[in-house]
Amino acid sequence: MSAAVKPPLYVSNIPVRWGDMDTNQHVNNIRYYQYLEEARIEWLDGIGAQRRQVGQGLVLLSCTHHFLKPVDHPSTVVVELHAGEVGRTSLTLKHKMYVQGDTALVGHGEVKMVWIDVASQRPIPVPDKVRVTMGFAPLVV
């Protein structure tokens with residue numbers, strides 16, 4: 001018996017711009033990280049995480065992306081975000097990347113982030129809204 005596949009937390013469709021290409025005529029490596037960043041911000045804003053309004057935010061601890069296939073222009077990149085682990089002050093989002101209209105994976109990986117107080121630059125607990133959205137119980141203090 002296999003475990004049920006959980007749907008993604010969020011799916012972002014990002015058009016590839018001509019300027020995203022490199023001299024090899026495919027999307028430059030750094031753009032993949034920018035697509036991932038865009039998807040994370042869209043997701044957080046969509047769940048009402050209220051980062052900027054309350055002086056909180058996320059800093060990256062690590063970011064891994066495995067490049068499987070090149071992406072060309074014109075196309076639309078589809079980024080799926082999936083819940084990873086959630087600790088007291090950190091969270092992990094796993095990601096899969098496709099080209100719209102194609103089921104072949106073009107990349108995958110994960111990002112680990114730490115929730116911080118912007119003024120002090122110190123870790124603080126991941127907000128319960130984020131924890132619950134990712135499928136974890138609220139933090140008991």
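Worth saying up front: this structure is predicted, and the values here are computed from it rather than measured.

Caption draft 1: Region of the structure containing the overall build of the protein chain. Along its length, the protein chain carries 2 helices and 6 strands. For the protein chain, the α and β elements follow one another from N to C terminus as β-α-β-β-β-β-β-α. By its C-alpha atoms, the protein chain is 50 × 45 × 25 Å across when sized along the principal axes. Residues counted as buried form 38% of the 141 residues belonging to the protein chain. Nonlocal contacts in the protein chain, meaning residues at least 24 apart in sequence, comprise 64% of its contacts between residues at least 6 apart. When the accessible surface of the protein chain is summed, it comes to about 8300 Å², and 54% of that surface belongs to carbon and sulfur atoms. With 14 positive and 13 negative side-chain charges, the protein chain shows a separation of 7 Å between the mean positions of the two kinds.

Caption draft 2: Here's a closer look at the pattern of salt bridges. Tallied over the full model, the rule gives 3 salt bridges. Linking aspartate 20 and arginine 17 is a salt bridge whose minimum nitrogen-to-oxygen distance equals 3.0 Å. Aspartate 20 gets classed as buried once you look at its relative accessible area, which sits at 0%. By relative accessible area, which is 52% here, arginine 17 ends up exposed.

Caption draft 3: Just the side chain of histidine 82, in detail. Along the chain, histidine 82 falls in strand E3 (residues 76-86). A distance of 3.0 Å separates the side chain of histidine 82 from the side chain of glutamate 80, its partner in a polar contact. Setting aside its immediate chain neighbours within four residues, histidine 82 contacts Lys6, Pro7, Pro8, Leu9, Thr92, Leu93, Lys94 and Lys96.

Caption draft 4: The environment of phenylalanine 67, seen in detail. Take phenylalanine 67: it is sitting in strand E2 (residues 56-67). The class of phenylalanine 67 is partly exposed, set by a relative accessible area of 37%. C-alpha separation for the pair phenylalanine 67 and glutamate 37, spaced 30 residues apart in sequence, amounts to 16 Å.

Caption draft 5: Structural context of helix H1 (residues 29-46). For H1, built from 18 residues, the straight-helix expectation of 26 Å at 1.5 Å per residue is met to within 8% by its first-to-last C-alpha distance of 27 Å. Among the residues of H1, those classed as buried are Tyr32, Tyr35, Leu36, Ala39, Arg40, Trp43 and Leu44. Along the axis of H1, the buried positions cluster into a sector of 165°, meaning they face one direction only. The secondary structure elements touched by the buried residues of H1 are strand E1 (10-15), E2, E3, strand E4 (90-99), strand E5 (105-117) and helix H2 (128-133).

Thresholds applied
Residues numbered from 1 in each chain as written. Predicted model: local features only at pLDDT ≥ 70, side-chain atom pairs only at ≥ 80, totals over all residues. Heavy atoms only, no water. Helix = DSSP H or I, 4+ residues; strand = E, 2+ residues; numbered from the N terminus. Buried < 20%, exposed > 50% of the residue type's maximum accessible area, 1.4 Å probe, protein only. Contact = heavy atoms within 4.5 Å. Areas by Shrake-Rupley, 256 points an atom, 1.4 Å probe, with all protein chains shown as cover. Lys, Arg positive; Asp, Glu negative; His and termini not counted. Charge placed at Lys NZ, Arg CZ, Asp CG, Glu CD. Salt bridge = Lys/Arg side-chain N within 4 Å of Asp/Glu carboxyl O. Polar contact = N/O pair within 3.5 Å; in protein donor to acceptor, adjacent residues only side chain to side chain. Expected span 1.5 Å × (residues − 1). Arc of directions from axis to C-beta.

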